[in-house]
Amino acid sequence: MMYIRQRRETKTVEVSEGCPSPKQNVNLEKKLPSGCASGRFWKILSSVVGGIVALCIGLLTSVYLATLHENDLWFSNIKEVEREISFRTECGLYYSYYKQMLQAPTLLQGFHGLIYDNKTESMRTINLLQRMNIYQEVFLSVLYRVLPIQKYLEPVYFYIYTLFGLQAVYVTALYITSWLLSGTWLSGLLAALWYVTNRTDTTRVEFTIPLRENWALPFFAIQIAAITYFLRPNLQPLSERLTLLAIFISTFLFSLTWQFNQFMMLLQALVLFILDSLDMLPAMKATWLYGIQISCLLLVCTLQFFNSMILGSLLISFNLSVLIVRKLQKNLKTGTFLTRIGKLLLHLLLVFCLTLFLNSIIKKILNLKSDEHIFKFLKAKFGFGATRDFDANLYLCEEAFGLLPLNTFQRLSETLLFYAYMFVLFVTVVTASVVAFRNLSDSASPQSMGQTRKCAVDLKPEAAYNLIHTILFGVLALSTMRMKYLWTSHMCVFASFGLCSSEIWELLLRLVHLCNPKRIWVMRYSVPILTLLYLCCKSWPGMMDELSELKEFYDPDTVELMNWISSNTPRKAVFAGSMQLLAGVKLCTGRTLTNHPHYEDKSLRERTQAVYQIYAKRSPEEVHSLLRSFGTDFVILEDSICYERRHQRGCRLRDLLDVANGHEMDGPGDSDPDLRPADHPRFCEEIKRNLPSYAAHFTRVFQNKTFHVYRLSRNK
């Protein structure tokens, strides 16, 4: 296992990065001097200053995260094998393809090796560009080979610096989104600072660098910023076309870099659908966005050699259904309140039924089963029946796929983010509800229209879009902890926008009969400035402590294992073991694997369950037969899995295997009545006794405190 320990010898490090202090001269867009020329000058000056601050805060965030990564692992000082081991689980698998492309004699041979790969899954040739989202590794490897930087920058640093550089893009995009919503760059500064001070809950890039979401989320943030601008009324035709181009490019890059893009964009499509149905969004703009989502997915599908999982996604079926039903139901937004409610319910029913129909037809034509484990997981998670499915339970038992822990809100509250977010969310939800009711009532009298304009904060389509966006992604984060990073980053944007919004303060001051332009201006700037000062005073000491705390990577058992494999096994040897460990074996040694952590393939999931019988109650003959069917030469057993204590009974890997095999679980506690005692002891425990029945098939060739490696005999 990997540990982080204090360095024995540390040196004092001077850190030059500072927390940017809020500026007092924030007399921005809403308070311009008299005179057209003078007002234009101050507006341009404000935009320039805001842009410079955005770039600076983005770069500082990037440097801060890179420094934390270096301080935690002492990355610049450890050996290459230790650097590679630090890319845990699937991160190591993705990085291995970057390394593979760099080691190929030519780029053409590198591409050929990815398209016809026979080392990732033994006895099988797969197209990695079709199966996995690794175009980013391909692009970086090509860039590194053609640029004259090999003498000055190691490949691993080029890779990780690119990821940390994308964090600068991410923070800048969040900053710009908040600025666009509120009209002041002070809001963007507050959003960025909240993102940094809540780093534990907004990003995990510093210890999971190659993870797909770290590539994708910066492009997703750019897309949200572009959509926010696109939904503004009265855009010039040129601005609108350029914004659509930005939305298309960012959506395409987001889709290309993350295999779960379709589920995130499905929620985004639901946001557009809700707002369009409630007449809070221009229908034509919603149509453009639906079309961009479909075209981007189809383009990615083409680049991924017609990946069937993309074609069978719910997103494509849903967007097509919305466009078809809207054509059939042209008069959806006419009639009295009750008439419109009835039409809306019928509209929802038609879209829902047509989506399921189209999706089932597409999956039947394509014989698509790659994503069935996700729907099994969702069905069990939300209480639609218990399951003994191994794959579904594997997800259900992982903390990352559980409910969002309550201590998350405690951490977010310490920086005032959660309080500010709930305040802004409450105000905007109430006013948006009023606006939606008025839209459905088809109230068109001059008096009511004037009252509607008073709720301008949620009448603005861009504000309404971000409101529904944060609600839906909040629901996703609450139900699945791993998805919290989508919500918490947008939480920073939404909370800062509300505190700096003249419309929200105008509405609140009207309620207490204290509304005038001067008070609105004072509240709009004083509250965020005080919040910024609080954040700087509270977070600065902790950030300095983090930057001064020096640790080092320490995982001697895994290092010893990788060195032994590299030195004592044939280069064509096939290894079996846990998905997480085998990703490291692929990266560090280049050996062939039986299975790996990229779980979006039905046949691979079946193979993984078969390999994992090494931790079940199976006979040595059965285990040997299963492993040899995949061409296995060596199997690695891990004590941390065989004697697992991390999960409670019922969620240990050995328990999941026992239940899937119909066997009773170990330890105190009841098992389901239909489960029976196993005919054989647990393989991973019994093999260590070196009994003749086991020794005939398995010979131990390596062991340390964590790992045991056995060579399989070739006799049947």
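What you see is a predicted model, and the numbers here were worked out from it, not measured in a lab.

Scoring rules and cut-offs
- Residues numbered from 1 in each chain as written.
- Predicted model: local features only at pLDDT ≥ 70, side-chain atom pairs only at ≥ 80, totals over all residues.
- Heavy atoms only, no water.
- Pairing = 2+ DSSP bridges.
- Helix = DSSP H or I, 4+ residues; strand = E, 2+ residues; numbered from the N terminus.
- Salt bridge = Lys/Arg side-chain N within 4 Å of Asp/Glu carboxyl O.
- Buried < 20%, exposed > 50% of the residue type's maximum accessible area, 1.4 Å probe, protein only.
- Phe/Tyr/Trp six-rings, centres within 6.5 Å; stacked < 30°, edge-to-face > 60°.
- Lys NZ or Arg CZ within 6 Å of the ring centre and 35° of its normal.
- Disulfide = S-S within 2.5 Å.
- Core = buried A, V, L, I, M, F, W, Y, C linked by side-chain atoms within 4.5 Å.
- Contact = heavy atoms within 4.5 Å.
- Patch = residues over 30% accessible without salt bridge, like charges linked within 9 Å, V, L, I, M, F, W, Y side chains within 5 Å.
- Areas by Shrake-Rupley, 256 points an atom, 1.4 Å probe, with all protein chains shown as cover.
- Axes fitted to C-alpha atoms, helices over the stretch in contact; angles between N-to-C directions.
- Left-handed = near helix turned anticlockwise from the far one by under 90°.

1. Some words on the sheet that holds strand S5 (residues 634-638)
The strands making up a sheet associate through backbone hydrogen bonding, with each pair oriented either parallel or antiparallel. Taken in spatial order, the 5 strands make up an open sheet running S4-S3-S5-S7-S6, and their pairing is mixed. Across the chains shown, the open sheet's two edge strands, defined by having one partner strand only, are strand S4 (592-593) and strand S6 (698-703). Pairing of S5 with strand S7 (residues 707-712) involves 5 bridges; the strand directions are antiparallel. Within S7, the residue paired with Leu637 across the bridge is His708.

2. Digging into the pattern of salt bridges
This structure, assessed with the given rule, holds 31 salt bridges. The residue Glu90 makes a salt bridge to Arg482 at a minimum N-O spacing of 3.9 Å. Placement of Glu90 in helix H3 (residues 90-103) and of Arg482 in the loop between helix H23 (461-479) and helix H24 (484-499) is noted, with a sequence separation of 392 residues between them. Using a relative accessible area of 15% as the deciding quantity, one classes Arg482 as buried.

3. Brief notes about the packing of aromatic side chains
Taken as a whole and judged by the stated rule, the model has 35 aromatic pairs. Seen from their ring centres, Phe683 and Phe698 are 5.2 Å apart, and the 70° between their planes marks the pair as edge-to-face. Linking Phe683 in helix H33 (residues 683-686) with Phe698 in strand S6, this pair joins segments that are 15 residues apart in sequence. Above the ring of Phe75, the side-chain terminus of Arg83 is found at 5.4 Å from the ring centroid. Sitting above the plane of the Tyr94 ring, Arg212 keeps its charged end 3.8 Å from the centroid.

4. Structural notes on the environment of Pro556
Within the secondary structure, Pro556 sits in helix H27 (residues 556-568). For Pro556, a relative accessible area of 37% corresponds to the partly exposed category. Residues Pro556 and Val424 lie 132 residues apart in sequence; the distance between their C-alpha atoms is 50 Å.

5. Let's talk about unusual backbone geometry
A positive phi angle, close to 60°, is found at Asp279, a residue other than glycine. Take Asp279: it is sitting in the loop between helix H12 (261-277) and helix H13 (283-303). We note that Phe305 has phi near 55°; this positive angle belongs to a residue other than glycine. Within the secondary structure, Phe305 is located in the loop between H13 and helix H14 (308-311). Judged by relative accessible area, which is 36%, Phe305 ranks as partly exposed.

6. Quick look at the pairing of S7
The two faces of the sheet receive side chains in turn, since in a regular strand these alternate between them. Within S7, 5 of the 6 residues are buried, which leaves the element mostly enclosed by the surrounding structure. Where S6 meets S7, 5 bridges bridge the pair, whose relative direction is antiparallel. Across the sheet, the residue bridging to Gln703 is His708, located in S7. Two successive antiparallel strands, S6 and S7, enclose a turn made up of 3 residues.

7. Some thoughts on the state of the cysteines
Per the stated rule, a full pass over the model turns up 2 disulfides. A disulfide bridge connects Cys397 with Cys651, and the sulfur atoms are separated by 2.1 Å. Across the disulfide from Cys397 to Cys651, rotation about the S-S bond amounts to roughly -75°, and the bridge is consequently left-handed. Taken together, the residues span a long stretch of sequence, with Cys397 in the loop between helix H18 (390-396) and helix H19 (407-414) and Cys651 in the loop between helix H31 (639-642) and helix H32 (653-661) at a distance of 254 residues. Put simply, Cys642 and Cys684 are joined by a disulfide, and their sulfur atoms are 2.0 Å apart. Here Cys642 and Cys684 share a disulfide; its torsion about the S-S bond, 80°, makes the bridge right-handed. With a gap of 42 residues between them, Cys642 in helix H31 and Cys684 in helix H33 connect regions that are remote in the sequence. Both residues of the pair, Cys642 and Cys684, belong to the buried class. Take the cysteines of the protein chain that form disulfides and number them in order along the sequence; they join up as 1-3, 2-4.

8. Some details on the nonpolar core
Grouped together as the largest cluster of nonpolar side chains are 168 residues, with contacts concentrated most on Phe87, Tyr159, Tyr175, Trp194, Phe575, Val585 and Ile636. For this core, the element with the most residues is helix H7 (residues 155-182), which contributes 15 residues. Once residues within four sequence positions are removed from consideration, Tyr159 is found in contact with Tyr95, Tyr98, Glu137, Leu140, Ile209, Pro210, Arg212 and Trp215. Formed by 33 residues, the second largest nonpolar core is a distinct cluster that contains Phe401, Tyr615, Phe683 and Leu712.

9. Description of the environment of Cys500
Structurally, Cys500 can be placed in the loop between H24 and helix H25 (502-511). Here the alpha-carbon distance between Cys500 and Trp185, two residues 315 residues apart in the chain, equals 9.2 Å. When near neighbours in sequence (up to four residues on either side) are disregarded, Cys500 contacts Ser182, Thr184, Leu186, Ser187, Trp505, Arg524 and Pro528.

10. Details of a nonpolar patch on the surface
Together, Leu238, Leu242, Leu245 and Ile249 make up an exposed nonpolar region whose accessible area comes to about 380 Å². On the secondary structure map, Leu245 appears in helix H11 (residues 237-257). Assessed through its relative accessible area of 46%, Leu245 is described here as partly exposed.

11. Some words on the packing of H13 against helix H15 (residues 314-328)
Across the interface, H13 lies against H15 with an axial gap of 10 Å and an inter-helix angle of 145°. For the crossing formed where H13 meets H15, the hand is left-handed. Packed against H13, whose contacting residues are Ala283, Ala286, Thr287, Tyr290, Gln293, Ile294, Leu297 and Leu298, the element H15 presents Leu315, Ile316, Asn319, Leu320, Val322, Leu323 and Arg326 at the interface.

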